[in-house]
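A closer look at the structure
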Amino acid sequence: MGERSLGLVVQSIGGGGGFVSGGYNTISNASLLTSQVGQSYASGGSVAVTLGSSGSISTRGNGAWGLLAQSIGGGGGFLGDPSLALLTPVSNSVPFVSNKDDYYANGGSVTLNLAGSISTSGSNAHGVVVQSIGGGGGVAGGYQYDPNAQVVMGNAYQFNNSTGGTSYSGGGNSISITQTGGTINTTGSGSIGILAQSTGGITSSDVNPYLIDISIAGTVSGGSGTGAGILVSGGGNNSTKPNTISVNSGGLVSSADGVDGTAIQANSGYTNVTIESGGTVTGSVDLGSTPGDMTTDSGGTFNAGSTVVVAASTFTNAGTLFPFGPGRIGTTTLSGGFAQKIGRAHV
């Protein structure tokens, strides 16, 4: 245990790379991670992690992430200081690079089955971080020994804002996270409970068939401040093939700030959120500029924070809705459509 000490790291990287962690004051330029990525068409393999009901991962310290699982095609991995603040990931924005060999550096599928306990207590100490990346990349954090540098996640294009002579493009793959019980609890500022990213080269006519699917039947709590319960980036890039977040019976998604914090955030892809009977979400929900729909089923509870963003899509409530939380006076601002069905909206 200690600062920057990750509880468990699982990687499958095609084309070279690995894991190097250090303090910001030892890092001149973490984007050097990307100097050779995209020069190989080696794909990442499938990654699977199971944490049983009696299993636990616990860390203490800033940047001490609980679990990191990566499958990366084209090289990359992790290089930098994990205790730095996270720059919101951008996904599915990489120019697609074709090649005469018709070989592509794709990420592999990542599957997590979680029933145990994962806890972190430091700032920027994320609980579960999962990536499937095509075309090279991963996580990079640190620049010119600057304590205000940020952690960047995604493709080499995100790190350098250029393809950098990439020879082989590739796509991200499917991510499946199934929590059947237990807890994922991050208490520090800026910490994300579950962070899932699938990204790679996407042409304007392509529909990414590889989705991010998250099913929650335990407790997921993000940290305070810029922390969040769940953050999804990339994956399904079309409204007919969206990512899904399902909060099932017994499931609870929130943050350390409760109704004042962020429960769920998504960007760079379409994500549908469903609160099923017996499930509860507490806090703001922001599905980004390319959103999906949000539904509270009968028997589900949504303690809405100050913001609910579904943009051009619809929030449908058939369960129990408490704007700004139960027993509180405040305002919840909804961006998008709203449909009230049989259920209770406490205004």
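The coordinates are above.
Residues numbered from 1 in each chain as written. Predicted model: local features only at pLDDT ≥ 70, side-chain atom pairs only at ≥ 80, totals over all residues. Heavy atoms only, no water.

**Let's talk about the overall build of the protein chain**
Assigned secondary structure in the protein chain consists of one helix and 28 strands. Residues classed as buried in the protein chain amount to 53% of the 347 residues present. Taking as baseline every contact in the protein chain between residues at least 6 positions apart, the subset at least 24 positions apart corresponds to 73%. For the protein chain, the computed accessible surface area is about 12800 Å², with 48% contributed by carbon and sulfur atoms. (Helix = DSSP H or I, 4+ residues; strand = E, 2+ residues; numbered from the N terminus. Buried < 20%, exposed > 50% of the residue type's maximum accessible area, 1.4 Å probe, protein only. Contact = heavy atoms within 4.5 Å. Areas by Shrake-Rupley, 256 points an atom, 1.4 Å probe, with all protein chains shown as cover.)

**So, the packing of aromatic side chains**
Applying the stated rule across the entire model yields four aromatic pairs. Ring plane angle 90° and centroid distance 5.6 Å describe the contact between F302 and F315, whose orientation is recorded as edge-to-face. Accessibility expressed as a relative area gives 3% for F315, which makes it buried. With a centroid separation of 5.4 Å and an interplanar angle of 55°, the aromatic rings of F315 and F338 are classed as tilted. Here the residue F315 occupies a position in strand β25 (residues 301-317), and F338 occupies one in strand β27 (residues 333-340), the gap between them amounting to 23 residues. Through successive ring pairs, a cluster of aromatic residues spans F19, W65 and F78. (Phe/Tyr/Trp six-rings, centres within 6.5 Å; stacked < 30°, edge-to-face > 60°.)

**Let's talk about unusual backbone geometry**
Residues other than glycine seldom take positive phi values, yet S268 does so here, at roughly 60°. In this structure, S268 sits in the loop between β21 (262-267) and β22 (271-275). Judged by relative accessible area, which is 22%, S268 ranks as partly exposed. Not every positive phi belongs to a glycine, and F324 is a case in point at roughly 65°. In this structure, F324 sits in the loop between β26 (320-323) and β27. Overall, the relative accessible area of 14% leaves F324 in the buried class.

**Concerning the pairing of strand β10 (residues 128-133)**
Of all six residues in β10, six are buried; the element is thus mostly enclosed. Of the pairings in the sheet, the one linking strand β5 (residues 67-73) to β10 comprises six bridges and is parallel in character. Looking across to β10, one finds that Q70 is bridged to Q131. Relative to strand β15 (residues 192-199), β10 is paired through six bridges, and the arrangement is parallel. Each bridged residue has a counterpart across the sheet, and for V130 the counterpart in β15 is A196. (Pairing = 2+ DSSP bridges.)

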